[in-house]
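Structural overview for review
Residues per chain, in single letters:
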Amino acid sequence: MATVTLQNARKVGRPSPVLPRLFRLAIVVAMDSLVVWFLLKLAALGYYPFAAAIGIIALFVNVVLLRKETYPIRWMVVGLALMALFVIYPIIFTVWVAFTNYGEGHLITKEQAIDQLSKQTYLPPEGKAYAWTAFKSPEGEYALWLIGEGGNGYLARPGEPLAQPQPGELGVGELDASGIPQEIEGYERLNAFLAAADSNLTQVMFGEEGNTIQVRSPREAAELLPLYVYDRQQDAMIDQQTGLVYINLRGTFTTSSGQSLRPGFMESIGLDNFENFFISPALRGPLVQLVTWNFAFAILSLLLNFSLGLAIAVLFNDPDFPLKKLIRSLLIIPYTVPALITILIWRGMLNPELGVIDRALEGLFGWAPPWFTNAWWAKVAILLVNLWLSYPYFMLICSGALQSIPDELAEAATVDGASSWQRFWRITLPLLLVAVGPLLIASFIFNFNNFNLIYLFNAGGPPMANTPTPAGHTDILISYVYNLAFSGSRGVDYGFASAITIVIFFIVASITLFQFRYTRMWEEVSENV
Amino acid sequence: MSRAVGSRGRLSSAKAQRRASIGTRLVVAVLLIVFSIFPVLWVVSASLNPTGTLATQTLIPRNPGFGNYRTLLTLDQFPFWTWFLNSLKVAGISAVVSLAITTVASYAFSRFRFRGRQTMLKALLLINAFPTLLALVATFLMISQAGDVIPVLGLNSHASLILVYLGGAMGVNIWLMKGFLDTIPRDIDESAMVEGATDWQIFTKLVLPLLRPILIVILILNYIGTYGEFVLARVLLRSNETYTLMVGLQIFAGAQFTQRWGVFAAGALMGALPIMIIYLALQDQIVGGLTQGAVKG
């Protein structure tokens, strides 16, 4: 970075010809108009975070396309924009969610929750009231004629605003002495006895939302009032009927005695999710098991798959071996089948009682391992399937690396009297590990998060007993996270799931950083500076 | 005389030893091959088994026939061809576009020197260390919001699925490709530059042809990776007509696995075949690419 050679300086600073510049300008103008239109639409729908992401990315693209200094970035601007939108933005979202209680019962914003709760109403036992007369249509629909304190008459029907019709309007007939219409078109007037006997009548909500009237007693109908009123000072909802105070507690309005209002809302809860992960006593047992198995699975898979692959590579590392090409083609077949398909096939083959392997073992020994119901055998099955899936990969990379190790070294060691065993352990293996080291680390990381295998084979089963959230004996962190976030059997918890995702990221990222430091990848970067 | 006999004896004994060793290794090879291809053979047999359930299957089916294949191609809930063509389309388009993005970007990383270059390269690796599974929630929300404005970019659309896949184009393949580009001597571009060629001309006319082998490898690995992907596709695609083959197979397997085992096997086999053929036909190139960098691990 420090030394910019002459030709590099020339490369970056070279003015671009006129035509491409015009072309680029046209692209920028076209893109910007599209983006502005899209942004306005998104903002109109209230999708602000998404709109902000698009806006920032568009700004970045503009700068890159218009400024001369960013010339090299122009070559990758499409990829970077797509990555920003589909990788980085979701990551930022996940990180933010990790510090909230986003999940079942907390999916909406505080404003939305208060809005919903404020819509709940109750019938006040006292206060402003109307005298009422009921009308009923042959279809069983009701209408009320209300007379207010000033003697004004109103017509109230369910779902319609309160009307104040004169006789002749809205089908209202002539009024009688007490100001009640003799008839309303389409309805039959109920006398007081019929009305009192009609139990449905007291359930009907007349009028519109926000201005609803209900029958309170044989004499009175009254307007419903909001049941909960938000008090900004206490950050609480106050029950107007009982006077109970529901104070906001981690995104749920709760009374001091523990009663709570639904729905709750999404709110920042600081480090609680992480605290939950690291020190919650209820989760401790299952999580320790899960993390242990996660590491054991990744390490054992790597060891097993690498050993078998290496053994095969060494065995057939012989240019004159007969049918070498054919043998290799047959051996890599497991690797060539899409993993989803092979995992499902193995699920079928290991199926208890019905699957071929169980039937064969049953026939031979009268017993077959309970692959899906016993925690240990399920783990064995997972390792076995993974071995089958991945040893060809290791065989391929090991035989490639073996061929790159010069023969002279082994020959020199033979002259010095080393046995073939010693040659392998002291010379071949160390050299091979240097060559395939980065690939082994990548493979470890891949298996550490091998969601497909765990999920498709047995969905992490068999389930552990008595866990606060669903977890299985073969679950690894990432499949546990998937259950938390998507399965919904006991309620989804995106906040907690996101927090675990971040923990996984730190594990994987530290392995990646280790890889930077101690393998050739790093040197490769440095030597090009 | 005696020395000559002795050396001939040693020679023939070495030969015998070698023959024995090859023999043993051949036996091992046969065992390994059985381990490798048994599941595949088993699926072939299942697909030919007329009774079609998991329980009634034997390795060599009685009365083998193509009944399962016929069912597969006519079953309404299993529109195999639609799913297969969807997969070809989605994987094909994303593989090609993703390759273009990767190649052009790697060229810039390999040939230009600019501030933040190393940081960007390392950041790319770290960003890819983030498990994207959870990001699904955000991706899903984003795509459904985009669909409210432009339906074609919303849920249940191949276009949006492809775009999301392309978000991964700046992934580890950049490293693989850049490593390869670094091995192409810069003298070539420098001499072309003296002649007055632009960067774009150098890239397309000089460098790109030299990249052909690695381009094919990355294209194929991209294609295979996308073809086999099902988590994102499952979340974003919502109807039987838009499913890719992997999503369809997985849903089908979840619903009636043991009963329709034969049909599933036929579908799985036909779905796997194109990939198997590509792999086996191009195994040398792919092996070369694999040993250069971890692409599928």
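First, a word on what this report is: a plain description of the structure on this page. Just so it is clear, the model here is predicted, and its values are computed rather than measured. (Residues numbered from 1 in each chain as written. Chains lettered and ligands numbered in written order. Predicted model: local features only at pLDDT ≥ 70, side-chain atom pairs only at ≥ 80, totals over all residues. Heavy atoms only, no water.)

This part covers the overall build of chain B. Across its full length, chain B holds 14 helices and 0 strands. Along chain B, helices and strands appear, N-terminal first, in the series α-α-α-α-α-α-α-α-α-α-α-α-α-α. Residue burial in chain B is summarised as follows: out of 297 residues, 53% are buried. Of all intrachain contacts in chain B linking residues separated by at least 6 positions in sequence, the fraction that spans at least 24 positions is 71%. (Helix = DSSP H or I, 4+ residues; strand = E, 2+ residues; numbered from the N terminus. Buried < 20%, exposed > 50% of the residue type's maximum accessible area, 1.4 Å probe, protein only. Contact = heavy atoms within 4.5 Å.)

It is worth spelling out a nonpolar patch on the surface at this point. Residues and elements named next belong to chain A. A surface patch of nonpolar side chains, about 380 Å² in accessible area, is lined by V18, L22, L25 and L66. Among the elements that make up the nonpolar patch, the one with the highest residue count is helix α2 (residues 18–45) (3 residues). Mapped onto the fold, L22 is located in helix α2. (Patch = residues over 30% accessible without salt bridge, like charges linked within 9 Å, V, L, I, M, F, W, Y side chains within 5 Å. Areas by Shrake-Rupley, 256 points an atom, 1.4 Å probe, with all protein chains shown as cover. Salt bridge = Lys/Arg side-chain N within 4 Å of Asp/Glu carboxyl O.)

This brings us to the environment of A:A84. Its location among the elements puts A:A84 in helix α5 (residues 77–98). Not counting residues up to four positions away in its chain, the partners in contact with A:A84 are A:I57 and A:Y89.

Enumeration according to the criterion identifies 3 cavities of 30 Å³ or more in this entry. The calculated volume of the largest cavity comes to roughly 70 Å³. What lines the largest cavity is simply A:V337, A:I341, A:T342, A:I345, A:W388, B:P39, B:V40, B:V43, B:A268, B:L269, B:A272 and B:M276. Of all the secondary-structure elements, those providing two or more residues to the lining of the largest cavity are α12 (339–349) of chain A together with α1 (2–48) and α13 (261–281) of chain B. Broken down by element, the lining of the largest cavity gets its largest block of residues, 4 residues, from α13(B). When grouped by side-chain class, the residues that make up the lining of the largest cavity number 11 nonpolar, 1 polar and no charged. At 3 residues, helix α11 (residues 231–236) of chain B tops the list of elements feeding residues into the lining of the second largest cavity. (1 Å grid on protein atoms, 1.4 Å probe; cavity = no way out; pocket = protein on both sides within 12 Å on 5 of 7 lines; lining within 4 Å. Points joined across faces, edges and corners; volume = space filled by probe spheres on them. Nonpolar A, V, L, I, M, F, W, Y, C, P; charged D, E, K, R; others polar.)

By a widespread convention, an interface's size corresponds to the accessible area lost as its parts come together. Facing the 105 residues of chain A at the interface are 101 residues of chain B. Buried area between chain A and chain B, both sides added, is near 9700 Å², and the carbon and sulfur share of it is 77%. Looking at the side of chain A that touches chain B residue by residue, the classes come out as 78 nonpolar, 16 polar and 11 charged. (Buried area = accessible area lost by both parts, 1.4 Å probe.)

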